[in-house]
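Descriptive analysis of the structure
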Amino acid sequence: MYLNQIISLLSNHRNSDRPEIPVTISKTQIISLVSSSLSPNKLQDQLSTEISEALKELEAQGEINVGSGNRYCIAPPTVLAEVKDNLTGLLFKGDRAYLPLAHKVLNTEQQPTETLIRPNLNNFEVIKNKLFQVGISLLTVDQSIEFLPLPELPNKVILRSPWSGNPFENSVLQYIPQDNFHTQSQHKQKIIKSQLSSKSLLQLATGEYLWFEDGKFYELEQDRVILTMFALDQQKEYPLLIPWDESEGKLHLKGVSLPCAYARWLWSLSESDEINYRTRYIKPDNQPLVESAFKRLGCSLV
């Protein structure tokens with residue numbers, strides 16, 4: 001699915017003046033760069049679909065961040081520990097330019113490309129300080145939930161520059177929470193301009209999302225879009241219903257988009273299903289944490 005290729009691609013695109021900072025690139029650029037290394041016989045439509053699926057999966061894993069205008073950037077370097085007192089395997093996520101530094105400061109003697117880090121140290125604070133000195137965060141799964149953002153509607157701080165243009169030149173969908181739905185796409189309905197009311201979340205035919213308030217449109221980044229969806233669900237008291245097989249520890253996320261921080265956190269304490277990559281297997285010890293996180297989003301596990 002081109003996962004590693006895209007991670008490498010985004011990790012290697014750096015700011016020329018400040019190389020410690022990765023830069024964003026568009027989906028079109030990603031498709032073009034990936035296709036340059038493939039056989040010319042590869043169908044472009046098929047490649048575009050496969051790249052889109054790969055980007056969604058990497059976002060769900062917390063490996064990349066999505067900005068406005070379908071632009072993508074590698075996520076900040078983060079190392080996740082399951083618990084503080086067992087540091088035999090730390091999972092590296094995000095910017096691979098920092099991965100060799102993680103191995104170096106922790107003296108792992110491993111290959112610098114390995115994302116499962118086995119440090120020779122077993123002191124959480126010492127490891128945290130060593131990683132912090134080279135710009136890498138260390139979090140336990142328990143700690144990471146404290147940093148998970150709460151759903152909220154866009155505020156004036158982020159609504160700075162109104163979007164220019166007429167979104168109703170093409171088909172427009174509005175996110176309207178409804179009862180007993182399992183995916184965010186089920187909440188989207190076609191809308192015409194005369195039906196528009198203030199504080200509405202719209203999706204354009206090109207995929208971008210706009211927030212309409214006080215007669216103006218504002219483009220939102222993907223993470224803000226998802227948090228807004230959950231906030232609207234809470235406002236209307238129509239929680240998103242997520243299939244949860246507690247007895248087997250299987251959480252079914254097909255058709256569900258999560259904020260990057262939640263996705264990164266969830267993927268760190270769950271395993272993929274062999275048949276469906278959007279189904280996550282969660283061990284019994286981690287199930288209360290998962291339930292707490294989705295309660296924080298206002299979802300109902302059913």
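Read on for an overview of the structure. (Residues numbered from 1 in each chain as written. Predicted model: local features only at pLDDT ≥ 70, side-chain atom pairs only at ≥ 80, totals over all residues. Heavy atoms only, no water.)

Examining the side chain of Arg96
Mapped onto the fold, Arg96 is located in the loop between strand S5 (90-93) and helix H4 (99-105). Among residues more than four places away in sequence, those in contact with Arg96 are Ile7, Ser11, Glu63 and Thr115. (Helix = DSSP H or I, 4+ residues; strand = E, 2+ residues; numbered from the N terminus. Contact = heavy atoms within 4.5 Å.)

A short note on the sheet that holds strand S9 (residues 188-190)
Strand pairing in a sheet relies on backbone hydrogen bonds, with the paired strands running either antiparallel or parallel. Pairing in this open sheet of five strands is antiparallel, and the strands run S9-S8-S10-S11-S12 from one edge to the other. Each end of this open sheet is capped by a strand with a single partner; those strands are S9 and strand S12 (216-220). Averaged over all pairs of adjacent strands, the angle between strand axes in this sheet comes to 35°, irrespective of strand direction. In terms of strand pairing, strand S8 (residues 172-175) meets S9 through three bridges, oriented antiparallel. (Pairing = 2+ DSSP bridges. Axes fitted to C-alpha atoms, helices over the stretch in contact; angles between N-to-C directions.)

Details of the pattern of salt bridges
In this structure the tally under the stated criterion is 10 salt bridges. The structure contains a network of salt bridges with shared partners spanning Lys156, Glu213 and Asp214. (Salt bridge = Lys/Arg side-chain N within 4 Å of Asp/Glu carboxyl O.)

Observations regarding the nonpolar core
Within soluble globular proteins, side chains that are nonpolar generally end up buried alongside one another. Grouped together as the largest cluster of nonpolar side chains are 25 residues, with contacts concentrated most on Leu251, Leu253, Leu258, Trp265, Leu266 and Phe294. Contributions of two or more residues to this core are made by helix H6 (141-146), helix H7 (222-236), helix H8 (260-268) and helix H9 (287-297). For Trp265, the contacting residues outside a window of four places in its chain are Val141, Ser144, Ile145, Leu148, Leu289, Val290 and Ala293. Ile25, Ile30, Leu58 and Ile74 belong to the second largest nonpolar core, which has 18 residues in total. (Core = buried A, V, L, I, M, F, W, Y, C linked by side-chain atoms within 4.5 Å. Buried < 20%, exposed > 50% of the residue type's maximum accessible area, 1.4 Å probe, protein only.)

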